There are 2 protein chains.
Amino acid sequence: MAKKYSETHQIPSYNCDTMKNIKIPTMVRMLITISGAQSQSLGVSDDFVGSFNLGWIIIQHDVFIKRLPQSGEKITLTTEAESYNRFFCYRNFWIHDEAGNECVLMKTTFALMDLVERKMGSVLDEIIAPFESEKIKRVKRAEKIHSLETVEGEKAYAVRYYDIDGNKHVNNSVYLDWMMDAFDFNFLSSHIPETISIKFNKEMRYGDVAKSQWQKDGLNSIHQIVSGDTVNAEANVKWVETN
Amino acid sequence: MAKKYSETHQIPSYNCDTMKNIKIPTMVRMLITISGAQSQSLGVSDDFVGSFNLGWIIIQHDVFIKRLPQSGEKITLTTEAESYNRFFCYRNFWIHDEAGNECVLMKTTFALMDLVERKMGSVLDEIIAPFESEKIKRVKRAEKIHSLETVEGEKAYAVRYYDIDGNKHVNNSVYLDWMMDAFDFNFLSSHIPETISIKFNKEMRYGDVAKSQWQKDGLNSIHQIVSGDTVNAEANVKWVETN
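Note that this is a predicted model, so its numbers are computed, not measured.

Regarding the packing of helix α1 (residues 24-41) of chain B against helix α4 (residues 172-180) of chain B
All names here are of chain B. Contact pair α1 / α4: the axes reach a minimum separation of 8 Å and the direction vectors enclose 165°. Here α4 runs roughly antiparallel to α1, going by the angle between their axes. The interaxial crossing formed by α1 with α4 has right-handed handedness. Together, I24, P25, V28 and R29 of α1 and S173, V174, L176, D177 and M180 of α4 make up the contact between the two elements. A per-class count over the contact of α1 with α4 returns six nonpolar, one polar and two charged.

A word on the relation of the copies chain A and chain B
One copy of the chain maps onto the second through a rotation about an axis and a displacement along it. The transform that puts chain A on chain B rotates by 180° and translates by 0.0 Å along the axis, for an RMSD of 0.0 Å. Taken together, the rotation and translation describe the operation of a two-fold axis. Ranked by how close their C-alpha atoms come to the rotation axis, the residues of chain A are headed by Y157(A), at 4.3 Å. Comparing contact sets, 100% of the residues at the interface of chain A also lie at the interface in chain B, consistent with an isologous, same-surface contact.

Let's talk about empty space enclosed by the protein
Enumeration over the complete set of coordinates arrives at three cavities of 30 Å³ or more. If you add up the space inside the largest cavity, you get close to 110 Å³. Examining the composition of the lining of the largest cavity, we find that three residues originate from one element, strand β9 (residues 191-200) of chain A, more than from any other. Counting residues domain by domain, the lining of the largest cavity receives three or more from each of domain 1 (4-135) and domain 2 (153-241) of chain A. Y162(A), D17(B), I24(B), L188(B) and H191(B) are, among the 13 residues lining the second largest cavity, the residues nearest its centre. For the lining of the second largest cavity, the element with the most residues is strand β9 (residues 191-200) of chain B, which contributes three residues. Considering only residue class, the lining of the second largest cavity consists of ten nonpolar, two polar and one charged. When residues of the lining of the second largest cavity are assigned to domains, at least three fall in each of domain 1 (4-135) and domain 2 (153-241) of chain B.

Some remarks on the domain arrangement of chain A
How big an interface is tends to be expressed through the accessible area that disappears when the partners come together. Residue and element names in this part refer to chain A. Segmenting chain A into domains produces domain 1 (4-135) and domain 2 (153-241). Between the C-alpha centres of domain 1 and domain 2 the distance comes to 19 Å. Each partner contributes to the interface: domain 1 provides 17 residues, whereas domain 2 provides 20 residues. Where domain 1 abuts domain 2, roughly 1500 Å² becomes buried across the two surfaces, and 60% of that area is made up of carbon and sulfur atoms. Sorting the residues of domain 1 by area buried against domain 2 places I24, P25 and I65 first, and these three jointly supply 26% of that buried surface. Scanning the region where domain 1 abuts domain 2 turns up two salt bridges. We note a salt bridge from R118 to E203, for which the minimum N-O separation is 3.4 Å. For the pair domain 1 and domain 2, the number of links is eight residue pairs in polar contact (both at pLDDT 80 or more). Breaking the side of domain 1 that touches domain 2 down by element, the ones donating at least two residues are α1 (24-41) and β2 (54-65). Among the elements that line the side of domain 1 that touches domain 2, the one with the most residues is β2, at eight residues. Its residues placed into classes, the side of domain 1 that touches domain 2 shows ten nonpolar, four polar and three charged.

Focus on the interface of chain A and chain B
On the side of chain B, 30 residues touch chain A, which itself brings 30 residues to the contact. Across the chain A to chain B interface the summed buried area is about 3000 Å²; carbon plus sulfur atoms make up 58%. Three residues, R160(A), Y161(A) and Y162(A), lead the burial of chain A against chain B; their summed loss comes to 32% of the area buried on that side. Between the two partners, chain A and chain B, sit zero salt bridges. At the boundary of chain A and chain B, one finds twelve residue pairs in polar contact (both at pLDDT 80 or more). Taken together, the elements giving at least two residues each to the side of chain A that touches chain B come down to α1, β8 (153-158), α4 (172-180) and α5 (185-188) of chain A.

Observations regarding the UniProt feature "domain: Acyl-ACP thioesterase N-terminal hotdog" (unreviewed entry) in chain A
Per the UniProt record, "domain: Acyl-ACP thioesterase N-terminal hotdog" (unreviewed entry) is annotated on residues 3-131 of chain A. Secondary structure within residues 3-131 of chain A divides into 21% helix and 43% strand; the distance between the first and last C-alpha atoms comes to 6 Å.

Some thoughts on the pattern of salt bridges
Residues and elements named next belong to chain B. Evaluated as defined, the whole model comprises 26 salt bridges over all chains. Its salt-bridge partner being E102, residue K66 comes within 3.8 Å of it at the nearest N-O pair. Note that K66 is positioned in the loop between β2 (54-65) and β3 (74-84) and E102 in strand β5 (residues 102-114), a separation of 36 residues in sequence. By relative accessible area, which is 28% here, E102 ends up partly exposed. The residue D181 makes a salt bridge to K155 at a minimum N-O spacing of 3.8 Å. On the criterion of sequence distance, the pair formed by D181 in the loop between α4 and α5 (185-188) and K155 in strand β8 (residues 153-158) is long-range, its members being 26 residues apart.

Some points on unusual backbone geometry
For K20(A), which is not glycine, the phi torsion reads 70° and is therefore positive. Along the polypeptide, K20(A) turns up in the loop between β1 (4-10) and α1. Here the phi dihedral of N53(B) falls at roughly 60°; this positive angle occurs in a residue that is not glycine. Mapped onto the fold, N53(B) is located in the loop between α2 (46-50) and β2. The partly exposed category is assigned to N53(B), whose relative accessible area is 40%.

Considering the packing of aromatic side chains
Evaluation of the coordinates by the stated rule reveals 24 aromatic pairs over all chains. Centre to centre, the rings of Y175(A) and F200(A) are 5.8 Å apart; their planes meet at 55°, and the pair counts as tilted. With Y175(A) in helix α4 and F200(A) in strand β9, this pair connects stretches of sequence that are 25 residues apart. Each member of the pair Y175(A) and F200(A) is classed as buried. Between Y161(B) and Y162(B), the aromatic rings sit 5.8 Å apart at their centres with planes inclined by 50°, giving tilted as the arrangement. Pair check on accessibility: Y161(B) and Y162(B) agree, each one buried. The rings of Y157(A), Y175(A), W178(A) and F200(A) are connected pair by pair, giving a single aromatic cluster. Over the face of the ring belonging to F183(A) we find K216(A), whose NZ or CZ atom lies 5.1 Å from the ring centre. The ring of F187(A) carries the charged tip of K216(A) above its face, separated from the ring centre by 4.2 Å.

About the criteria used
- Residues numbered from 1 in each chain as written.
- Chains lettered and ligands numbered in written order.
- Predicted model: local features only at pLDDT ≥ 70, side-chain atom pairs only at ≥ 80, totals over all residues.
- Heavy atoms only, no water.
- Axes fitted to C-alpha atoms, helices over the stretch in contact; angles between N-to-C directions.
- Helix = DSSP H or I, 4+ residues; strand = E, 2+ residues; numbered from the N terminus.
- Parallel < 35°, antiparallel > 145°, perpendicular 65-115°, else oblique.
- Left-handed = near helix turned anticlockwise from the far one by under 90°.
- Contact = heavy atoms within 4.5 Å.
- Nonpolar A, V, L, I, M, F, W, Y, C, P; charged D, E, K, R; others polar.
- Least-squares fit on C-alpha atoms with pLDDT ≥ 70 in both.
- 1 Å grid on protein atoms, 1.4 Å probe; cavity = no way out; pocket = protein on both sides within 12 Å on 5 of 7 lines; lining within 4 Å.
- Points joined across faces, edges and corners; volume = space filled by probe spheres on them.
- Domains from an automatic or database assignment.
- Buried area = accessible area lost by both parts, 1.4 Å probe.
- Salt bridge = Lys/Arg side-chain N within 4 Å of Asp/Glu carboxyl O.
- Polar contact = N/O pair within 3.5 Å; in protein donor to acceptor, adjacent residues only side chain to side chain.
- UniProt positions renumbered as here; feature names shortened; annotations may be inferred.
- Buried < 20%, exposed > 50% of the residue type's maximum accessible area, 1.4 Å probe, protein only.
- Phe/Tyr/Trp six-rings, centres within 6.5 Å; stacked < 30°, edge-to-face > 60°.
- Lys NZ or Arg CZ within 6 Å of the ring centre and 35° of its normal.

Here you go:
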């Protein structure tokens, strides 16, 4: 059994939308941050990983939302590095409310990038051992993501300075900002995602312009972020109406 | 002496820029949020204020930055509702680091909006008494803000769903997002603001497009946010080079 790591946070109002629900990209940011905190607590920080010329990259998130936590709520964020094979690490994240109910589950596939060769690196024992993850042979399949077939709408976003993180790339969660902004106020204030699967293909840099493109069929939407001829990220979202 | 209210927070990495400095708009959001927490703790929450058909609005922030707190730091946020006259309330905010050094001072002028008449409301005793603020006769002058004379550059920003807060307007701190994004990566990663004065004239709504316009003379910049013929906000920033 992999080691679990938890932190309790109160959700500030400025991390919530007009319906007082936590903003989706912020929620993902909060979850990813505790995986960094767990790594640090186990002595395998990003700096340690970097000493092997390796860096963590996110391949895909699969998010399952039962209920979106709201402004002022105290939530417990939990993670475990569940299992790994030669190239991939599979992490689970949960959000529980104060009563102990599961609000959100996120399953994330990570890989290691060889920062010198700019290709996938192997998962080293030194890096993974402290998590007590299960070593597996097979490649676990994340949720299947359907690619966009018809661009029904698009909006353009110039990368902002604050979109860039310590790696000098657009932070992964920013793609969700651009994707969530696809629909209008009426839709977004009366629907929340029930599931989100998002796959990251190619990082973006300062100076790039992203196009957020979408198609929607009822309560299912398909999204992609493109820059020039490159598809940087793809996502499928299933929405549910609130009230 | 006005009652002081403090909270200690650890700064998550996702609230920081590529230099690990706290993002300026997030810093202002964090400070404003503790004024709401103090109000709530004294039984004069926004809901209570709303029961008089009044709502707080921000007129101006004057921010003095000695040092920007960084990712992972534990900071103490403190506020007091220092003084008030018939129409304005003057609040101070501070950020101190773990060693007790003052990092940031923000002086904010608030007013009350009569939500029915859509004009300035009087500061009521029921609302202000719990803060033990000093009652003054005079109108305190905030920092003088020089208006933009020549548009040297501009960027356009469509209001996003997540820019809207509980009042259905663009959150005040978003104007700072648009203003800070005026300059390029090289400038922003090698300079921080030393002082910022920002005045809010007219709220923006979902569907509006903001233009962030600026002029810069050495380390001083003048900013305005306009939508159509309206100047929604104006700011002066004095920058200082880091390392």
